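These are the residues of each chain, in order.
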Amino acid sequence: MKFIGDRKGVAEEFTSLPALVIVMIGFAIFFAMFANVYMAHNEKLKAAELAEAAHYIALKLTNAESPLTDAPLLINKEKWDDVVKHEEILRKYCKPSSYNYSISISSPFVSDFKMIGGKAKGDRMSVSMKVAIKLADGDVKYGKLIVTVWREK
Amino acid sequence: MNRKGISAMHDAILFIVMVSLSGAILLPAFINNPITESEMQRERSETADEALVVLLSITPDEMEYIIGKDIIKDALSTGGVDFSKSIFWEKILSFALGRTQYHKNCAELIAEDLASQFSITWGSENVRINLLTSGLERRLKENISHTLTDLLGKEYFFNFTAKWEPIIGIPFGGKICVGEAPPQAAYVSKTFISMPLNPVVIIGGKDYSISKNGIKNCIEDWISSVPAMKNILDLIENYENNPKFREDLTKNLEDLIYGFLFTGVTNSEGEILFPGIMNLALHIIIDNISRMVNKMVDTFLGSLNSAFGDDAGVINAIKNMLEEQIKSKFNLNKDLSTEKLSTALTNKFVEEIKNNRNFEFIKNKIEEYVGQIVDYIIENIEALKKNVNEVKNKIDDWLLNRISISRAEVSLAIWEA
């Protein structure tokens, strides 16, 4: 009580203000950094989610049951051309909810593979997978299947 | 006691708490995200799987080679023709014996090459008997190297190995290796390819199916009539806990496995029940080489209009040349007939395994296999005594697990450049 009631102590309140300011600045910096890290983390999560979805689609499109393949990782050109004409076959087989995707083939041996799927909108993620491409019986080359995924608005 | 010190203490505690909290919250922002690292590892592992499957599926470009080029080159050199300077001979050979593979995929070509190599580790050296297909192998290796470099880019180094060992762990069959030796920390993908073999081999007028199921059925047919198997069952039924039991069991199991893998299995009358896996494999290899020689002669004669004589003459000349090579390499009797060659070679191999120090690792391997099943039998002797069929099944599986005659192992190791 003696300490609180001591009128000489009034000056002490003013001396604590600079300390309070430093603490407040500290808090402000801390929360700014916290928000920054949170946002960066959130972005990373979103990108990871997109990558995961793209990877899942690529795996699904290259397995043995896919309407594009003859065997795992063996894309048949004829089947690809069929799917270009009737994209719904592919959507029926693989349509992850809330994602959209397009697929294309890149190969030093073939250039006439048409892209399947629409144009990507907003944030997107692409993954590629090495595939064998059957152009005709007894003519199999190698290339890459590129899957681009984006969120449906 | 100075009470004014309390506020300073509060600040210090608050400071420490805030710094710790900040550290804990911000730490993930300053270190590498462990999820990303595991994803990278998964990606590398998947890259190896994808590259291997794709490589085996593709039909290689520019698969042109000359059958028997090395042998003919040697023969011409002996006759005074400098092959390296003569475009004429190269053209003639390419015209007459040149082959181009258009439609076979890489897996089929690898399997064909493995089946026709006739490679064997003899002492300290690896001997390749069939030189007819060395051209195919050279082109195949170039193609594999080129394709994998394209597929993996500059990010990775690689090692591709294909191995056909009809008797697992015994260096006899065929092997293709492309790339440097891999380090310990490499991503490895492994798979199997089917061998391009006739499903049935005929030896001594009897048909032997070489699929795993075919051999399993075959073992089931003869296993009960083999003296070594009868002895094993007797020993188990009349089990006595003494060192002689282990000794006798080991001896009979060794007889059984040597018979099954190498020398052939006979019944008590000496009648051959099974010719042995090595004998089967040798027949397969010789059949494959013969098929190749026949094709080669067809092409040769078709192209040159019988300039070198009749078909049989040329086939026999090439067969004789191969046989002479085998006989001289393995110190076999020069008068041996073609029919007895594979049996003589098998017997020579078994003799070397048993007596030659260079083959000790094979002997040790077989001792290890036998030791494993002996330990199993002794550990479960009471249960096995009551159920002898279980012993038979166990020994069937044990024998079958030693062979891989109808498939070859293919692996791809990749590591970062």
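To keep things clear, this report deals only with the structure shown in the data block. Keep in mind the model is a prediction, meaning the values are calculated, not measured.

### Observations regarding the overall build of chain A
No. 1: A count of helices and strands for chain A gives three helices and five strands.
No. 2: When the helices and strands of chain A are placed in sequence order, the string is α-β-β-α-α-β-β-β.
No. 3: Expected size for 153 residues packed as a compact globule is a radius of gyration near 15 Å; at 29 Å, chain A overshoots this value by more than 25%.
No. 4: When burial is assessed residue by residue, chain A has 33% of its 153 residues classed as buried.
No. 5: Of the charged side chains in chain A, 22 are positive and 18 negative, and the gap between their average positions amounts to 4 Å.

### Re unusual backbone geometry
All names here are of chain A.
No. 1: At leucine 73, a residue that is not glycine, the phi angle is positive and equals roughly 65 degrees.
No. 2: Summarising the element assignment, leucine 73 is placed in the loop between strand S1 (69–71) and strand S2 (74–76).
No. 3: Classification of leucine 73 as buried rests on a relative accessible area of 11%.
No. 4: Even without being glycine, serine 98 reaches a positive phi, approximately 65 degrees.

### Observations concerning helix H6 (residues 134–152) of chain B
Residues and elements named next belong to chain B.
No. 1: Taking 1.5 Å per residue as the helical rise, H6 with its 19 residues ought to reach 27 Å, and the 27 Å between its terminal C-alpha atoms agrees with that figure.
No. 2: Along H6, the residues classified as buried are Ser134, Gly135, Leu136, Glu137, Leu140, Asn143, Ile144, Thr147, Leu148, Leu151 and Leu152.
No. 3: Two residues or fewer after H6 comes glycine 153, characterised by a positive phi angle close to 70 degrees.

### Quick look at the sheet that holds strand S5 (residues 139–151) of chain A
Residues and elements named next belong to chain A.
No. 1: Across the sheet, which stays open at both edges, the five strands sit in the order S1-S2-S4-S5-S3 with mixed pairing between neighbours. Bordering the open sheet on either side are S1 and strand S3 (99–106), each of which pairs with just one other strand. With strand direction ignored, the average angle separating the axes of adjacent strands in the sheet is 40 degrees.
No. 2: Sheet analysis places strand S4 (residues 124–136) next to S5, joined by 12 bridges and oriented antiparallel.

### Quick look at the pattern of salt bridges
Residue and element names in this part refer to chain B.
No. 1: Within the structure shown, the criterion is met by 20 salt bridges over all chains.
No. 2: Note that glutamate 416 is salt-bridged to arginine 44, the shortest N-O span being 3.2 Å. In this pair, glutamate 416 is assigned in strand S12 (residues 407–416) and arginine 44 in helix H2 (residues 34–57), connecting sequence segments 372 residues apart.
No. 3: Assessed through its relative accessible area of 48%, glutamate 416 is described here as partly exposed.
No. 4: On the basis of relative accessibility, which here comes to 10%, the residue arginine 44 falls in the buried class.
No. 5: Glutamate 220 is the salt-bridge partner of lysine 216, the closest N and O atoms lying 4.0 Å from each other. Of this pair, lysine 216 and glutamate 220 both sit in helix H7 (residues 212–222), four residues apart, which is roughly one turn of that helix.
No. 6: Taking relative accessible area as the criterion, lysine 216 reaches 27% and is therefore assigned partly exposed.

Here is what the cut-offs are and how they apply
Residues numbered from 1 in each chain as written. Chains lettered and ligands numbered in written order. Predicted model: local features only at pLDDT ≥ 70, side-chain atom pairs only at ≥ 80, totals over all residues. Heavy atoms only, no water. Helix = DSSP H or I, 4+ residues; strand = E, 2+ residues; numbered from the N terminus. Rg over C-alpha atoms; globule rule 2.2 N^0.38 Å. Buried < 20%, exposed > 50% of the residue type's maximum accessible area, 1.4 Å probe, protein only. Lys, Arg positive; Asp, Glu negative; His and termini not counted. Charge placed at Lys NZ, Arg CZ, Asp CG, Glu CD. Expected span 1.5 Å × (residues − 1). Pairing = 2+ DSSP bridges. Axes fitted to C-alpha atoms, helices over the stretch in contact; angles between N-to-C directions. Salt bridge = Lys/Arg side-chain N within 4 Å of Asp/Glu carboxyl O.

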